[in-house]
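In case you want the letters, here they are:
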Amino acid sequence: MPLTVNGKQKRATRSLITALSGLLPIALGVVILHWQAERSLQENTALTAQEAVRQFDLMLDNTALAAQALLPLAGQPCDNATQLALREQVTRRPFVRATTLSWQRNIYCTSLFGGEQASDVNPSDYVEGTLWLMKSNPVTPDTALLVYRLVDADKAAFASIDGYQLTNALRLISRYTQLILQVGPHWLGADGNVRNLPMPTFAVAHHQLASARYPYSVDAGMPEGEVWRYMRDRYPALFSLVVFFGVLAGVFAHWLQKRSSAPTHELQRALEANEFIAYFQPVVRGDTRQWAGCEVLMRWQHPKEGLVSPDLFIPLAEHCGLIVPMTRALLRQTAARLAPYAGCFDPGFHIGVNITAQHCHDLALVDDCREFLAAFAPGQVTLVLELTERELIEPTDITRQLFVALHQLGVMIAIDDFGTGHSSLGYLRNFNVDYLKIDQSFVAMIGADALSSHILDSIIELSGKLDLGVVAEGVETVEQCDYLAAQGVDFLQGYLFGKPLPIDEFIKCLVSH
Ligand code: C2E
Ligand code: CA
Ligand code: CA
């Protein structure tokens, strides 16, 4: 059934909206927390890099001081006094592991071996002629070494820092940030090994900082996934809050949708449960007062509220588009309930059914009427569709086609509540209208209000000129009845002749008439 499919689709859309409303704040919250964590980590690595440069500058300041003190001795014999001066710097200067002198690129005197182990200097090993990060040297083959070189023409003095000190600094400055010391093409990691470029890349918060005083730089950063780990460790309360708001938003969206769709749902449910039932109000002839037909009026037999008046639910049914299936169900119900008693009817018994403009948007109404008439013998009943004047139908190709097809079926058209809307003569002709139903407000004013009576008289006169039948509704008094009959009104409807009744009572009254 198309209605059920529609319902399923609506349910799926509602669930989707609920899920999105819940997930959106969570996603937004996580994005904000992620951004916040990333910023914090960026700041952390920047500070760590600054701290590392400060430390390495401090170490190199000591090597620089040692080299400055020794440079004047370069070129002098490597005698006891020179060796003592070299060792004195090693002893007195923090971080300095060894000192050396060279003359004309030849290392001829060291703090460790005196003049015993001479070797050549290759200036290109030193970045900007100053710093060399060595993997190891013969004395400590497993330990890195940072050598500082101070040159003055043929003289040069060297002071080195042990790799252990450097590695220690790289490890201890920060627990979370990974640090790398880079000197020219070589770099030293926290594992103590010196390697050649390229360096490993940091996925998170990479920060590079070069020393302003010595030719080296420090890279700080974090491995992949560190932002999430940071968020998990630092923001557990905020995380819970974000999830809480997400769930709250989802529940709220669900509640809002349920609230807004509740009446429509209720109508849909009532339609499926056949709670809309037909009541019948007699329509009598103006001259003989014989029962000539009836108007079918919808009631809602609500399981809790009891019998609900159409004024309370028809506008909603029209608004949500359920009025068409509801009218279709009413037509079927009416045909099924009235057909067994069709023998009691005068030939051509009028059955008036209220139709809304929505029902005239396609040709389905023709099939609904054909199905209705098929329940009766030919000519036994006349189906009259009542269209309210307040909600007129646009003349389009489809509606013209529709009304031609309805007339071919023998279905008649009445303009309901006539006098309250704006239908023109052109309109009445366009749709081949058969009856005008005078609104009960004009009938109620008979004998009381001169203007209303005048309008009433004009409508009756107009219908005579246009050769249209007239029905007066809301007839409650004998005075009204007599007046209308005297004016030649064809049909009368109102409490004076009978209130809307359920099928059994209606048939009982009909038979007694
Ligand atoms: P309506 O089509 O103008 O129907 C006449 C209304 O006047 C009915 O009210 C009827 O009970 C009431 N009525 C009849 N005689 C008298 C009388 O002597 N005095 C007074 N005071 N009232 C009288 P009801 O049944 O409450 O229906 C109200 C409106 O709801 C209808 O006005 C019609 O516009 C709408 N309606 C009812 N059933 C359907 C339906 O199946 N489909 C659609 N689209 N609308 C319906
Ligand atoms: Ca009506
Ligand atoms: Ca009416």
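Rules of the game
- Residues numbered from 1 in each chain as written.
- Chains lettered and ligands numbered in written order.
- Predicted model: local features only at pLDDT ≥ 70, side-chain atom pairs only at ≥ 80, totals over all residues.
- Heavy atoms only, no water.
- Core = buried A, V, L, I, M, F, W, Y, C linked by side-chain atoms within 4.5 Å.
- Buried < 20%, exposed > 50% of the residue type's maximum accessible area, 1.4 Å probe, protein only.
- Helix = DSSP H or I, 4+ residues; strand = E, 2+ residues; numbered from the N terminus.
- Contact = heavy atoms within 4.5 Å.
- Donors = N, O, S within 2.8 Å, 3.2 Å for Na, K, Ca; no water.
- Domains from an automatic or database assignment.
- Near = heavy atom within 4 Å.
- Polar contact = N/O pair within 3.5 Å; in protein donor to acceptor, adjacent residues only side chain to side chain.
- Areas by Shrake-Rupley, 256 points an atom, 1.4 Å probe, with all protein chains shown as cover.
- 1 Å grid on protein atoms, 1.4 Å probe; cavity = no way out; pocket = protein on both sides within 12 Å on 5 of 7 lines; lining within 4 Å.
- Sits in = over half its atoms within 2 Å of the grid points.
- Nonpolar A, V, L, I, M, F, W, Y, C, P; charged D, E, K, R; others polar.
- Points joined across faces, edges and corners; volume = space filled by probe spheres on them.
- Axes fitted to C-alpha atoms, helices over the stretch in contact; angles between N-to-C directions.
- Parallel < 35°, antiparallel > 145°, perpendicular 65-115°, else oblique.
- Left-handed = near helix turned anticlockwise from the far one by under 90°.
- Disulfide = S-S within 2.5 Å.
- Pairing = 2+ DSSP bridges.

Participant: Account for the nonpolar core, with residues named and values stated.
Facilitator: Core analysis: the biggest nonpolar cluster contains 77 residues, and I351 and L406 have the highest contact counts within it. Among the elements that make up this core, the one with the highest residue count is helix α7 (residues 323-338) (seven residues). Non-local contacts of L406, meaning those with residues more than four positions away in its chain, are made with L365, V366, C369, L385, V411 and I413.

Participant: Could you give me a rundown of the coordination of the calcium ion (ligand 3), with the residues and numbers involved?
Facilitator: The protein atoms that coordinate the calcium ion (ligand 3) are D416 (OD), D417 (OD), E473 (OE) and E473 (OE), at distances spanning 2.0 to 3.2 Å. In primary-sequence terms, the residues that donate to the calcium ion (ligand 3) follow D-D-x55-E. Between the calcium ion (ligand 3) and the calcium ion (ligand 2), the interatomic distance is 4.7 Å, and D416 donates to each metal, bridging them. When its relative accessible area of 6% is taken as the criterion, D416 is described as buried.

Participant: Any details on the domain arrangement of the protein? Residues and values, ideally.
Facilitator: The domains assigned to the protein are domain 1 (43-227) and domain 2 (274-512). Taking only C-alpha atoms into account, the centre of domain 1 sits 105 Å from that of domain 2.

Participant: Before we move on, could you go through unusual backbone geometry and cite the residues and values that matter?
Facilitator: In this structure, the amide linkage connecting L197 to the following residue, P198, adopts the cis form with an omega of 5°. Residues other than glycine seldom take positive phi values, yet E128 does so here, at roughly 55°.

Participant: I'd love a proper account of the site of ligand 1, names of residues and values included.
Facilitator: Contacts to ligand 1 come from 22 residues, most closely from Q281, R299, Q440, E476 and Y495. Between a nitrogen atom of ligand 1 and a side-chain N or O atom of Q281, the distance comes to 2.9 Å. In the model, an oxygen atom of ligand 1 is placed 3.2 Å from a nitrogen or oxygen of the E295 side chain. Out of a free accessible area of 790 Å², ligand 1 has 84% covered by protein chains. Judged by the proximity of its atoms to the pocket grid, ligand 1 belongs to the largest pocket. Looking at the shell around ligand 1, the elements with two or more residues in it are β13 (291-302), α6 (310-319), α7 and β17 (412-418). In terms of residue count, the dominant contributor to the shell around ligand 1 is β13 (four residues). Its residues assigned to classes, the shell around ligand 1 comprises nine nonpolar, six polar and seven charged.

Participant: So what's going on with the layout of surface pockets? Residues and values would help.
Facilitator: Here the largest pocket is characterised by a volume of approximately 970 Å³. Lining the largest pocket are 33 residues, and of these E295, L297, D311, N354 and D416 sit closest to its centre. At the level of elements, β13, α6, α7, β15 (349-355), β16 (381-388) and β17 are the ones that each hand at least two residues to the lining of the largest pocket. Of the residues contributing to the lining of the largest pocket, the split by class is eleven nonpolar, ten polar and twelve charged.

Participant: Please provide a residue-by-residue account of the packing of α7 against helix α8 (residues 364-373), values included.
Facilitator: When two helices pack together, their arrangement is captured by the angle between the axes and the distance separating the axes. Remark: α7 packs on α8, axes separated minimally by 9 Å, with the N-to-C direction vectors making an angle of 15°. In this view, α7 runs roughly parallel relative to α8, as classed from their interaxial angle. Along this stretch, α7 crosses α8, giving a crossing that reads as right-handed. Between α7 and α8, the residues in contact are R328, L331, R332, T334 and A335 and A364, D368, E371 and F372, respectively. Of the residues assigned to the contact of α7 with α8, the class counts are four nonpolar, one polar and four charged.

Participant: Now, about the coordination of the calcium ion (ligand 2): what can you tell me, with residues and values included?
Facilitator: Here the calcium ion (ligand 2) is held by E295 (OE), N354 (OD1), E386 (OE) and D416 (OD), and the distances to it run 2.2 to 2.3 Å. In the primary sequence, the donor residues of the calcium ion (ligand 2) line up as E-x58-N-x31-E-x29-D.

Participant: So what's going on with the state of the cysteines? Which residues, and what values?
Facilitator: A covalent bond between the sulfur atoms of two cysteines is what we call a disulfide. Considering all chains together, one arrives at one disulfide under this definition. Disulfide partner of C78: C109, at an S-S distance of 1.9 Å. Taking the sign of the S-S torsion, about 65° here, the bridge from C78 to C109 comes out right-handed. Highlighted residues: C78 in the loop between α1 (2-70) and α2 (80-92) and C109 in strand β2 (residues 106-110), separated in sequence by 31 residues. By the burial criterion, C78 is buried, and C109 matches it. Left without a disulfide partner, C320 is nearest to the cysteine sulfur of C360, which lies 18 Å away. In this structure C344 is a free cysteine whose sulfur lies 12 Å from that of C509, the closest cysteine sulfur available. Look at C344 and you get partly exposed, because its relative accessible area is 38%.

Participant: Describe the environment of P185, and please don't skip the residues or the numbers.
Facilitator: Structurally, the position occupied by P185 is in the loop between β7 (178-183) and β8 (186-188). The exposure class assigned to P185 is partly exposed, which follows from its relative accessible area of 44%. When the C-alpha positions of P185 and A448 are compared, they lie 111 Å apart, and in sequence the two are 263 residues distant. Not counting chain neighbours up to four residues away, the residues in contact with P185 comprise V127, R195, N196 and L197.

Participant: Can you tell me about the pairing of β15, naming the residues and giving the values?
Facilitator: With six of its seven residues buried, β15 lies for the most part within the structure. When β13 meets β15, the two strands line up parallel, connected through four bridges. Its bridge partner being in β15, G293 is matched across the sheet by H350. Looking at chain direction, β15 and β16 are connected through seven bridges and run parallel.

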